[in-house]
Amino acid sequence: MKLQMHSINFDPNQQLNSFIQQRVNKLETFYDRIIDGEVFMKDNGSQGGTDNKEVEIRLFVPGSTLFSQENAASFEAAADAAVDAMRRQLKRHKQKQATH
């Protein structure tokens with residue numbers, strides 16, 4: 001799957017990019033017709049609070065676009081939560097396609 005990574009308000013290291021890439025690539029085991037995707041990482045450190053790291057995942061599948069957004073104290077935790085939400089959406093989308 002072709003995945004575009006965007007970072008806002010910071011420069012990510014290669015380790016973070018590869019971590020998120022691996023997590024998102026595992027989503028193909030649940031639904032193999034994913035066309036491509038985008039990941040937006042935002043550092044909202046100026047807002048204060050503990051959950052100031054935000055990860056948004058947008059996946060393009062035939063007929064629709066799936067989206068999940070999560071906040072956490074670290075990008076890794078936010079990415080894990082966003083991937084879990086996306087996994088549930090993909091399973092629901094696949095089940096809906098099978099019934100039609």
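Residues numbered from 1 in each chain as written. Predicted model: local features only at pLDDT ≥ 70, side-chain atom pairs only at ≥ 80, totals over all residues. Heavy atoms only, no water.

*Asks:* What is the right way to look at the nonpolar core in this model?
*Replies:* For soluble globular proteins, nonpolar side chains are generally found buried alongside one another. Val24, Val55, Ile57 and Leu90 are the most contacted members of the largest nonpolar core, which totals 24 residues. Listed by contribution, the elements that provide at least two residues to this core are helix H1 (14–25), strand E2 (36–43), strand E3 (53–61), strand E4 (64–72) and helix H2 (75–99). It is H2 that contributes the most residues to this core, 7 residues altogether. When sequence neighbours within four positions are dropped, the list of residues in contact with Val55 reads Val39, Phe40, Met41, Ser68, Gln69, Glu70, Phe75, Ala78, Ala79 and Ala82. (Core = buried A, V, L, I, M, F, W, Y, C linked by side-chain atoms within 4.5 Å. Buried < 20%, exposed > 50% of the residue type's maximum accessible area, 1.4 Å probe, protein only. Helix = DSSP H or I, 4+ residues; strand = E, 2+ residues; numbered from the N terminus. Contact = heavy atoms within 4.5 Å.)

*Asks:* Would you mind going over the pattern of salt bridges with me for this structure?
*Replies:* When the charged atoms of two side chains lie near each other, side chains of opposite charge can form a pair. For the structure on display, the rule yields 5 salt bridges. The closest approach of N and O atoms between Lys42 and Glu56, which form a salt bridge, is 3.2 Å. With Lys42 in strand E2 and Glu56 in strand E3, the pair connects residues that are 14 residues apart, well separated along the chain. Salt bridges sharing common partners tie together Lys42, Glu54 and Glu56. (Salt bridge = Lys/Arg side-chain N within 4 Å of Asp/Glu carboxyl O.)

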